[in-house]
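# Structural overview for review
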Amino acid sequence: VLITGGAGFIGANLIRELIERKYKINLILRKSSNLWRIKNLLKKVTVYNVDLAEKKKLTKIVSKINPDFIGIFVFRASVSLTTVSLFSKCLLTFV
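This one's a predicted model, so the numbers in the text were calculated from it and none came from an experiment.

As a rule of thumb, non-glycine residues mostly have phi less than zero, and peptide bonds are mostly trans rather than cis. A positive phi angle, close to 70°, is found at Lys-22, a residue other than glycine. Positionally, Lys-22 belongs in the loop between helix H1 (9-20) and strand E2 (26-29). Judged by relative accessible area, which is 74%, Lys-22 ranks as exposed. Within the chain, Asn-66 stands out as a residue other than glycine whose phi angle is a positive 50°. Counting through the fold element by element, Asn-66 comes out in the loop between helix H2 (55-65) and strand E4 (70-72).

Here we come to the nonpolar core. Among the nonpolar cores identified, the biggest contains 13 residues, and Ile-3, Ile-15, Ile-19, Ile-25, Leu-27, Ile-38 and Val-45 are the most heavily contacted of them. Elements that contribute at least two residues to this core include exactly H1 and E2. Looking at this core, the element that brings in the most residues is H1, giving four residues. Those residues in contact with Val-45 that lie beyond four places of it in its chain are Ile-15, Ile-19, Ile-25 and Leu-27. In terms of nonpolar packing, the next biggest core, distinct from the first, is built from nine residues, Leu-2, Ile-28, Leu-58 and Ile-65 among them.

Basis of the calculations
Residues numbered from 1 in each chain as written. Predicted model: local features only at pLDDT ≥ 70, side-chain atom pairs only at ≥ 80, totals over all residues. Heavy atoms only, no water. Helix = DSSP H or I, 4+ residues; strand = E, 2+ residues; numbered from the N terminus. Buried < 20%, exposed > 50% of the residue type's maximum accessible area, 1.4 Å probe, protein only. Core = buried A, V, L, I, M, F, W, Y, C linked by side-chain atoms within 4.5 Å. Contact = heavy atoms within 4.5 Å.

This is the structure in structure tokens:
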């Protein structure tokens with residue numbers, strides 16, 4: 001499972017549930033993410049610090065993980081539609 005926005009309310013709760021169900025969790029987080037909701041979960045997941053605007057890094061990560069499921073829970077006022085579009089195109093490469 002690959003999750004973006006895992007430090008937010010919805011993402012953090014989903015991570016807890018998926019860990020309980022024994023899923024292998026991979027998180028894409030910004031280096032500046034506030035981790036207070038998931039601090040106690042970080043040892044149970046694999047974290048990739050990358051911004052969604054970094055298409056080459058994202059492509060490499062998604063290729064490496066090859067997830068069966070991708071949960072996108074990103075919400076940030078400064079994330080433009082262009083950034084979301086780039087991330088979507090990156091994901092479509094692997095569908």
